[in-house]
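Structural description and commentary
Here is how the chains run, residue by residue.
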Amino acid sequence: MTLTDAIKRTVTEKLQQSSTIAKDEVLESVENIGGGCISDAYLCTSSNGKQIFVKTCESSPKQTLDEVVEMFGSEAKGLKALDDTHTIRVPTPYVYGALDNDNYGFLAMEYISLGSKYGASGVQRKLGEQLADLHLAKGPGQFGFECDNTIGSTPQVNTWCPDWIEFLRRRLAYQFDLASSRYPQLNKPAQQLLDKLDTYFEGLDIRPSLNHGDLWSGNWAVDDNDNPVILDPAPFWGHSEADLGIMKVFGGFDSNFYDAYHAKIPKEPGYQKRVNIYALYHTVNHLNMFGSSYLSSSMSLLSQILQ
Ligand code: ADP
């Protein structure tokens with residue numbers, strides 16, 4: 001069976017079972033619209049004209065089919081958690097599972113027609129306001145998430161923890177451990193940072209905010225009404241400043257974004273160093289995923305933080 005036929009069959013069946021489409025409605029066309037970093041993307045259109053976005057990912061010796069399905073399951077849970085805050089547009093997740101060709105996992109979600117964010121009117125300001133609203137949404141009172149997920153291709157453990165600094169220490173240590181044998185020059189400053197992590201948070205009362213988790217410029221877009229849309233999250237309940245770390249690493253956010261965001265969530269003392277700590281998590285993750293081109297930025301962030 002071709003991949004297209006497998007998508008038509010399995011995804012139609014699951015969408016019917018979940019009442020996302022009618023019992024007599026089927027996916028009629030499946031158009032490959034490219035791929036992201038991890039998966040291939042398809043625009044599917046049903047016999048009633050409903051458009052559905054489907055991501056697929058093939059299993060491999062590195063990632064079994066069960067693991068692919070689990071990855072899409074955690075993405076679906078992440079999208080739902082973000083959607084449930086009603087603060088910023090995310091595609092509503094529909095169904096996920098394994099295609100019946102036995103070696104692909106899939107995730108089906110709302111298709112959003114995306115426009116260019118460059119030149120869209122006021123969109124950075126709206127993103128700033130809406131991201132702050134997301135971070136202010138009422139949470140579970142603990143740090144973590146209902147399931148583990150992945151940051152890029154690296155596992156991200158989200159076990160609930162009542163203490164943010166403890167949660168963050170574990171999160172950083174996970175990346176530092178992965179890097180330690182290939183990049184031993186990181187070990188000493190990394191340990192110094194873990195040892196004095198508390199000192200960067202003195203006087204703060206941190207409440208859990210739902211973070212997108214991977215909000216680099218490629219993971220947000222605008223819809224046809226110039227509203228921001230966020231995609232491909234790796235969410236967790238954590239310190240609101242953590243999302244600003246990954247945004248700093250790759251840039252693409254202007255003063256309209258920051259002014260609007262900080263009008264709702266003002267900067268607190270020590271902000272700059274903490275944002276660098278949150279950026280470091282992502283540069284070391286990139287070091288682990290893509291290699292030594294991220295070593296100098298990781299070392300430089302560490303020395304700025306420890307100064
Ligand atoms: P990956 O996990 O492989 O990185 P993404 O979720 O980032 O894949 O999706 C890849 C691209 O597909 C995005 O950059 C975006 O352009 C497009 N896209 C993602 N989700 C949707 C959606 N729900 N509707 C329309 N286009 C989407």
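Source: prediction; values computed, not measured.

1. Considering the overall build of the chain
Summing up its helical and strand segments, the chain has nine helices and 11 strands in all. Over its C-alpha atoms the chain spans a radius of gyration of 20 Å, differing by no more than 12% from the 19 Å that the globule rule assigns to 307 residues. By principal-axis analysis of the C-alpha atoms, the chain measures approximately 65 × 45 × 35 Å. The buried share of the chain, reckoned over its 307 residues, is 52%. When contacts within the chain are restricted to residue pairs at least 6 apart in sequence, those whose partners lie at least 24 apart make up 64%. Carbon and sulfur atoms form 49% of the exposed surface of the chain, whose accessible area is close to 13800 Å². For the chain, the distance from the average position of its 26 positive side-chain charges to the average position of its 38 negative side-chain charges is 5 Å.

2. Some thoughts on unusual backbone geometry
Look at His 86: it is not a glycine, yet its phi comes out positive at around 50°. Tracing the backbone through its elements, the reader meets His 86 in the loop between α2 (65–84) and β4 (93–98). We note that Asp 226 has phi near 60°; this positive angle belongs to a residue other than glycine. Residue placement: Asp 226 occurs in the loop between β9 (220–222) and β10 (228–230). The exposure class of Asp 226 is partly exposed, given its relative accessible area of 25%.

3. Re the side chain of Thr 56
When you line up the elements, Thr 56 lands in strand β3 (residues 51–58). Note on Thr 56: relative accessible area 1%, which makes it buried. The contact partners of Thr 56, leaving out residues within four places of it in the chain, are Leu 3, Ile 7, Ser 39, Asp 40, Tyr 42, Phe 72, Leu 99, Tyr 104, Gly 105 and Phe 106.

4. Some details on the pattern of salt bridges
Under the criterion given, the structure shown has 12 salt bridges. Two residues, Arg 169 and Glu 166, come together in a salt bridge whose shortest N-O distance is 3.2 Å. On the criterion of helical spacing, the pair formed by Arg 169 and Glu 166 is a turn pair, its members being three residues apart in helix α4 (residues 164–180). In this structure Glu 166 comes out as partly exposed when scored by relative accessible area, which is 28%. One connected set of salt bridges, linked through shared partners, spans Glu 166, Arg 169, Arg 170 and Asp 198.

5. A short note on the environment of Ser 180
As for its position among the elements, Ser 180 is in helix α4. Distance in space between the C-alpha atoms of Ser 180 and Lys 138 is 37 Å, their sequence separation being 42 residues. At 3.0 Å, the side chain of Ser 180 and the backbone oxygen of Asp 177 are in polar contact.

6. Some thoughts on the domain arrangement of the chain
When the parts of a complex come together, some accessible area is lost, and that lost area is often used as the size of the interface. Per the domain assignment, the segments of the chain are domain 1 (3–110) and domain 2 (115–306). Between domain 1 and domain 2, the C-alpha centre-to-centre distance is 27 Å. In this assembly, 16 residues from domain 1 lie in contact with 25 residues from domain 2. Roughly 1600 Å² is buried in total at the junction of domain 1 and domain 2, and carbon and sulfur atoms are behind 74% of that figure. The three residues of domain 1 that bury the most area against domain 2 are Leu 82, Ile 88 and Arg 89, which together make up 35% of that side's buried surface. The interface formed by domain 1 and domain 2 contains two salt bridges. Across the domain 1-domain 2 interface, the total number found is three residue pairs in polar contact (both at pLDDT 80 or more). Looking at the side of domain 1 that touches domain 2, the element that brings in the most residues is α2, giving eight residues. Split into classes, the residues belonging to the side of domain 1 that touches domain 2 amount to eight nonpolar, four polar and four charged.

7. Observations regarding the packing of aromatic side chains
Considering all chains together, one arrives at 11 aromatic pairs under this definition. Ring centres 5.5 Å apart and planes at 55° place the aromatic pair Phe 253 and Phe 257 in the tilted group. A relative accessible area of 12% places Phe 253 in the buried class. When the centroid spacing of 5.9 Å and the interplanar angle of 20° are considered together, the rings of Phe 257 and Tyr 261 count as stacked. With Phe 257 and Tyr 261 both in helix α7 (residues 255–264) and four residues apart, the pair spans about one turn of that helix.

8. A closer look at the packing of α4 against helix α8 (residues 271–290)
At a closest axis distance of 9 Å, the pairing of α4 and α8 adopts a crossing angle of 25°. Here α4 is positioned roughly parallel relative to α8, judged by the angle of their axes. Pair α4 / α8 crosses with left-handed handedness. Across from Trp 164, Leu 168, Arg 171, Leu 172, Gln 175, Phe 176, Leu 178 and Ala 179 in α4, the residues of α8 making contact are Ile 277, Tyr 278, Leu 280, Tyr 281, Val 284, Asn 285, Leu 287 and Asn 288.

What counts, and where the lines are drawn
- Residues numbered from 1 in each chain as written.
- Predicted model: local features only at pLDDT ≥ 70, side-chain atom pairs only at ≥ 80, totals over all residues.
- Heavy atoms only, no water.
- Helix = DSSP H or I, 4+ residues; strand = E, 2+ residues; numbered from the N terminus.
- Rg over C-alpha atoms; globule rule 2.2 N^0.38 Å.
- Buried < 20%, exposed > 50% of the residue type's maximum accessible area, 1.4 Å probe, protein only.
- Contact = heavy atoms within 4.5 Å.
- Areas by Shrake-Rupley, 256 points an atom, 1.4 Å probe, with all protein chains shown as cover.
- Lys, Arg positive; Asp, Glu negative; His and termini not counted.
- Charge placed at Lys NZ, Arg CZ, Asp CG, Glu CD.
- Salt bridge = Lys/Arg side-chain N within 4 Å of Asp/Glu carboxyl O.
- Polar contact = N/O pair within 3.5 Å; in protein donor to acceptor, adjacent residues only side chain to side chain.
- Domains from an automatic or database assignment.
- Buried area = accessible area lost by both parts, 1.4 Å probe.
- Nonpolar A, V, L, I, M, F, W, Y, C, P; charged D, E, K, R; others polar.
- Phe/Tyr/Trp six-rings, centres within 6.5 Å; stacked < 30°, edge-to-face > 60°.
- Axes fitted to C-alpha atoms, helices over the stretch in contact; angles between N-to-C directions.
- Parallel < 35°, antiparallel > 145°, perpendicular 65-115°, else oblique.
- Left-handed = near helix turned anticlockwise from the far one by under 90°.

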